Amino acid sequence: MEQELISITEANYTGGYSIELKFKDSSIKTINFETYLLKSALPKINKYLDKGKFKKFMIIDGNLNWNNNDLSFPLEALYTGKIL
């Protein structure tokens, strides 16, 4: 039997820099991206400290995505909650 691929089915902004993710296997994780954004020296990433930009995420092909892959994370990292 093939292992089911991880994918995000729903993402909801929960305040600050946190997003609640619901996965295909029904698991739910809330991830706070603030530390990651603050540690980055890259303008391409830390521009998402602007909450207006941060809130404009989408789910594309089962993954969390900002501005056409301007900011994205490996699905496994999101699933385990270890984005740093």
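Everything discussed here concerns the structure shown above.
Here is a short report on the structure shown in this document. A quick note: this is a predicted structure, and the numbers were derived from the prediction, not measured. (Residues numbered from 1 in each chain as written. Predicted model: local features only at pLDDT ≥ 70, side-chain atom pairs only at ≥ 80, totals over all residues. Heavy atoms only, no water.)

Below, the discussion takes up the overall build of the chain. Within the chain one finds 4 helices and 6 strands. Along the chain, from the amino end to the carboxyl end, the secondary structure elements read β-β-β-α-α-α-β-β-β-α. Taking 84 residues into account, the globule formula puts the C-alpha radius of gyration at 12 Å, and the chain, at 13 Å, falls close to it. Taking the principal axes of the C-alpha coordinates as reference, the chain spans close to 45 × 20 × 20 Å. Of all 84 residues assigned to the chain, the portion counted as buried reaches 35%. When the accessible surface of the chain is totalled, it reaches about 5,500 Å², and 50% of it is carbon and sulfur. Averaging the coordinates of the 11 positive side-chain charges in the chain and doing the same for the 10 negative ones gives two points 9 Å apart. (Helix = DSSP H or I, 4+ residues; strand = E, 2+ residues; numbered from the N terminus. Rg over C-alpha atoms; globule rule 2.2 N^0.38 Å. Buried < 20%, exposed > 50% of the residue type's maximum accessible area, 1.4 Å probe, protein only. Areas by Shrake-Rupley, 256 points an atom, 1.4 Å probe, with all protein chains shown as cover. Lys, Arg positive; Asp, Glu negative; His and termini not counted. Charge placed at Lys NZ, Arg CZ, Asp CG, Glu CD.)

Across the sheet, which stays open at both edges, the 3 strands sit in the order β1-β2-β3 with antiparallel pairing between neighbours. Each having just a single partner strand, β1 (8-15) and β3 (28-32) make up the two edges of the open sheet. Sheet twist, expressed as the average angle between the axes of neighbouring strands with direction ignored, equals 25°. Bridge count for strand β2 (residues 18-23) against β3 is 5 bridges, and the pairing is antiparallel. Bridged to I19 within β3 is I31. (Pairing = 2+ DSSP bridges. Axes fitted to C-alpha atoms, helices over the stretch in contact; angles between N-to-C directions.)

All we've got here are geometric facts, nothing functional implied.
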